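Below, each chain spelled out in residue letters.
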Amino acid sequence: MRLRLRPRDDSYYEMFTDSANNLVIGARLLVELMSDGADREAITEKMRACEHAGDDATHAIMRRLNKSSAPPLHREDIYRLASNLDDVMDSMEAAVDLIGLYGLERLPKGIIDQIEVLERAAELTAEAMPRLRTMKDLTRYWIEINQLENQADRIYRKLLAKLFSGEYDALTVLKLKDVIEELETAADAFEHVANTVETIVVKHG
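Residues numbered from 1 in each chain as written. Predicted model: local features only at pLDDT ≥ 70, side-chain atom pairs only at ≥ 80, totals over all residues. Heavy atoms only, no water.

Asker: Tell me about the packing of helix α2 (residues 40–67) against helix α3 (residues 75–102), and please be specific about residues and values.
Answerer: Following both chains from N to C, one finds α2 and α3 inclined at 165°, their axes separated by 9 Å at the closest point. When the axis of α2 is compared with that of α3, the two are roughly antiparallel. For the pair α2 and α3, the sense of crossing is left-handed. For the contact of α2 with α3, the class distribution of residues is 12 nonpolar, four polar and nine charged. (Axes fitted to C-alpha atoms, helices over the stretch in contact; angles between N-to-C directions. Helix = DSSP H or I, 4+ residues; strand = E, 2+ residues; numbered from the N terminus. Parallel < 35°, antiparallel > 145°, perpendicular 65-115°, else oblique. Left-handed = near helix turned anticlockwise from the far one by under 90°. Nonpolar A, V, L, I, M, F, W, Y, C, P; charged D, E, K, R; others polar.)

Asker: Describe the nonpolar core, listing the residues and the values that go with them.
Answerer: In summary, soluble globular proteins display a tendency toward joint burial of nonpolar side chains. Counting residues in each nonpolar core, the largest one holds 70 residues, and the members touching the most others are F16, M92, L132 and Y141. Counting residues per element, the ones that place at least two in this core are α1 (11–33), α2, α3, α4 (110–128), α5 (139–163) and α6 (170–204). The element contributing the most residues to this core is α6, with 14 residues. Contacts of Y141, omitting those with residues within four sequence positions, involve L124, T125, A128, M129, R131, F190, V193, A194 and V197. (Core = buried A, V, L, I, M, F, W, Y, C linked by side-chain atoms within 4.5 Å. Buried < 20%, exposed > 50% of the residue type's maximum accessible area, 1.4 Å probe, protein only. Contact = heavy atoms within 4.5 Å.)

Asker: Give a detailed account of unusual backbone geometry, specifying residues and quantitative values.
Answerer: In the Ramachandran plot, M135 falls in the positive-phi region, its phi being about 65° despite a non-glycine side chain. Mapped onto the secondary structure, M135 falls in the loop between α4 and α5. A residue is classified by how much of its surface remains accessible, and M135, at 14% relative accessible area, is buried.

Asker: Break down the confidence of the model for the protein chain for me, citing the residues and quoting the values.
Answerer: Residue-level pLDDT values for the protein chain average 93, and 95% of them are 70 or greater. Within the protein chain, α5 carries the highest mean pLDDT (98), whereas α2 carries the lowest (95). Every residue in residues 1–7 is under pLDDT 50, and counting partners more than four places away or in other chains gives three contacts. (pLDDT = per-residue confidence, 0-100.)

Asker: Can you tell me about the pattern of salt bridges, naming the residues and giving the values?
Answerer: Here the structure, examined in full by the defined rule, presents 14 salt bridges. Where R80 meets D77, a salt bridge forms, and the shortest distance between an N and an O atom there is 3.0 Å. Taken together, the positions of R80 and D77, both in helix α3 and three residues apart, correspond to about one turn of that helix. Note on D77: relative accessible area 0%, which makes it buried. Residues joined in a network through salt bridges with shared partners are R28, E119, R120, E123, R140 and E144. (Salt bridge = Lys/Arg side-chain N within 4 Å of Asp/Glu carboxyl O.)

As structure tokens, then:
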């Protein structure tokens with residue numbers, strides 16, 4: 001048995017969980033944004049606050065990593081996971097910001113489908129992060145996230161087809177395309193989180 005000379009710093013697991021819970025809040029703000037009579041300005045401000053909270057959480061992880069002599073995971077994996085989680089929030093916040101900046105009043109119905117995928121991915125990610133501590137019961141998580149990302153890809157392609165169907169004028173197409181691409185990027189980022197978790201489990205599980 002290998003003796004551990006220094007105590008292992010397990011606070012990272014709580015910090016990853018906090019970051020993932022923040023993604024759930026962000027995804028639900030996206031859902032709220034799509035509801036009838038939504039206060040878009042207020043939701044945009046709340047999402048911006050979520051994005052700042054995500055940045056703060058990521059920076060806290062990086063600072064701890066720089067000071068920690070005994071992280072529980074490989075340093076590059078901690079860095080990658082923190083960055084992946086932050087990438088999700090960045091894309092969700094960008095989508096909301098663009099909707100407001102572009103003054104998009106009418107959004108394709110398929111965007112709701114994109115957001116529902118993101119909400120489910122956020123919930124699964126938040127449920128998975130605490131299990132990193134034991135490295136158990138995580139296989140189903142990354143399988144489901146992969147399935148959701150495949151679903152997101154199909155929704156994205158259908159949305160692109162709708163955008164170029166002639167229903168929208170050229171300028172609106174460009175604006176809507178920016179939004180749906182940010183949402184697709186968020187779905188991709190969730191898969192990157194899951195892939196990083198899988199890598200960590202393979203190394204340490």
